[in-house]
Amino acid sequence: MATDTAFEGWVGEDASSAKGKMVWKQYTPKLWEETDVEIKITHSGVCGSDLHTLRSGWREAPYPIVVGHEIVGVAIRVGSQAEGDIRVGDVVGVGAQADACLNRDSDYSCIECSEQSENYCARRVVTYASKHRNGSKTQGGYALYYRGPSHFVVKIPAGLPPQLAAPMLCAGVTVYSPLKRYRCGPGKSVGVIGLGGLGHFAVLFAKALGAKEVIGISRNQDKQKDAMDLGCDGYIATAAENEWATNNARRFDIILNTVASVKMPFSDYLGLLRLGGTLVQVGLPEGPIPFTPSRLGGAGARVAGTNIGSPSEIREMLDLAATKNIKPWVEQRPMKDANRTILDFEAGKPRFRYVMFN
């Protein structure tokens, strides 16, 4: 059901919702503005951020909340002041960001929005667990409909199936963005720590961008076959190889660490960077990471963060995916089974992304 004042979806009412206790019910969507687009949701990806938020893992969540920020569907209403060329009937998507300042305030100049880096805007609005500029709560994609600002709604290229496009809108662009920023391409050696939802995208996009070699890194050997099937040129099992850090010292130009654990051997990872190399911390643990700054000096290396991707980066990534026929590993689940899906996700069962469909 959708009206101007009521949508239906899976609502998390407290931290127990992360234990499969979301409730299907009505909730209040964003107050309609003529700069908005309304979407009938066909697919919604399941992201680790959804679980962190439902259980208030990073901070107290603003319950009641509808999570989901890998949203694909059909535009059913387009405001008279909407940006871009979106028309009713277009297949469109929304990622993890719903809005930013976009230099709308005459007394505030935003370099990030001016440079199409809206994902780094200090006044950015995320797709759920936040507030729109008009004061409405942001609510996500575990639902039948989504309504939000047109600037952050992108068209899905023809030929890219919606169930494959959905997880690219957060997980995909979260690794694509730093790969582009640190010039992944011919001649570059890339290490990917963690072969899960984020990591498998990192392998696919690093290969598509033409990296010289892409090496999967995980604790155990059980991910080795998956790594090679994805296109990795090699594999490192840190728990099974006593000298893995020494044997691979100064090997990588770029390392993407997709692991969200406080127990990772972070200092050993830094030793794998070659001169001027970059380790990008993609995973977001619910606590501090052990870090030895002296490991950076020897190779003039750096540790960098990243934050999703801008609308322009999402469009560029989707075009690359369509052109290169990139196919993430996706398992589809009915939206009605959302509670079971998040429990299975937490248990590590997907290979490698769940996408729910209406």
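Heads up: these notes are all about the structure in this document. All chains use their own residue numbering, which begins from 1 and follows the written sequence. Local features in this predicted model are restricted to residues of pLDDT 70 or higher, and side-chain atom pairs are both shown and tallied only at a pLDDT of 80 or more, whereas totals for entire chains, interfaces and linings draw on every residue. Water and hydrogen atoms play no part in the side-chain values, which are based on all heavy atoms of the structure.

**Description of the pairing of strand β14 (residues 273–281)**
Argument step 1. Relative to β14, strand β13 (residues 252–257) is paired through 5 bridges, and the arrangement is parallel. Its bridge partner lying in β14, isoleucine 254 is registered against threonine 278.
Argument step 2. Whether two strands pair comes down to DSSP finding at least two bridges between them. In DSSP terms, a helix is any run of H or I states spanning at least four residues, a strand is any run of E spanning at least two, and both are numbered starting from the N terminus. Where β14 lies against strand β15 (residues 302–305), 4 bridges are found, and the strand directions are parallel. Paired with threonine 278 across the bridge in β15 is arginine 302.

**Considerations on the sheet that holds strand β12 (residues 234–237)**
Argument step 1. If you trace the 6 strands from one edge of the open sheet to the other, you get β12-β11-β10-β13-β14-β15, paired in parallel fashion. Across the chains shown, the open sheet's two edge strands, defined by having one partner strand only, are β12 and β15. Going from strand to strand, the sheet's axes swing by 20° on average, the running direction of each strand aside.
Argument step 2. In what follows, a contact means two residues having at least one pair of non-hydrogen atoms within 4.5 Å. Orientation is described by axes fitted as lines to C-alpha atoms, over the contacting stretch for helices, and by angles from 0 to 180 degrees between their N-to-C directions. Contacts from helix α3 (residues 162–181) reach β10 (189–193), β13, β14 and β15, with the element oriented near 160° to β13.
Argument step 3. Where helix α4 (residues 197–208) meets the sheet, it contacts β10, β11 (213–218) and β13, and its direction lies at approximately 165° from that of β10.

**Some words on unusual backbone geometry**
Note: most peptide bonds trans; most residues except glycine with negative phi.
Argument step 1. Cis geometry is found at the peptide bond from tyrosine 63 to proline 64, where omega equals -5°.
Argument step 2. Relative to the elements of secondary structure, proline 64 occurs in the loop between α1 (48–54) and β4 (71–78).
Argument step 3. Cis geometry is found at the peptide bond from arginine 351 to phenylalanine 352, where omega equals 0°.
Argument step 4. With respect to the helices and strands, the residue phenylalanine 352 is situated in the loop between α10 (338–346) and β17 (353–357).
Argument step 5. Located in the positive-phi region is asparagine 325, a residue other than glycine, with phi close to 55°.
Argument step 6. Mapped onto the fold, asparagine 325 is located in the loop between α9 (311–324) and β16 (330–334).
Argument step 7. Think of it in three bands: with a 1.4 Å probe and only protein chains considered, a residue is buried below 20% of the maximum accessible area for its type, exposed above 50%, and partly exposed in between. The exposed category is assigned to asparagine 325, whose relative accessible area is 51%.

**A few points about the packing of aromatic side chains**
Argument step 1. Here a pair means two rings of Phe, Tyr or Trp (six-membered ring of Trp) with centres within 6.5 Å. Their orientation is stacked below 30 degrees between planes, edge-to-face above 60, and tilted elsewhere. Summed over all chains, the structure comprises 7 aromatic pairs.
Argument step 2. With a centroid separation of 5.4 Å and 75° between ring planes, the pair formed by tryptophan 10 and tryptophan 24 is classed as edge-to-face. Taken together, the positions of tryptophan 10 in strand β1 (residues 7–11) and tryptophan 24 in strand β2 (residues 23–27) put the pair 14 residues apart, joining distant regions of the chain.
Argument step 3. In this structure an aromatic cluster arises from ring pairing among Phe7, Tyr27 and Tyr145.
Argument step 4. When the NZ atom of lysine or the CZ atom of arginine is within 6 Å of a ring's centre and also within 35 degrees of its normal, the charge is said to sit over that ring. Against the face of tryptophan 32 rests arginine 77, its NZ or CZ located 3.8 Å from the ring centre.
Argument step 5. Positioned above the aromatic ring of tyrosine 354 is the side chain of arginine 333, whose terminal nitrogen or guanidinium carbon lies 4.3 Å from the ring centre.

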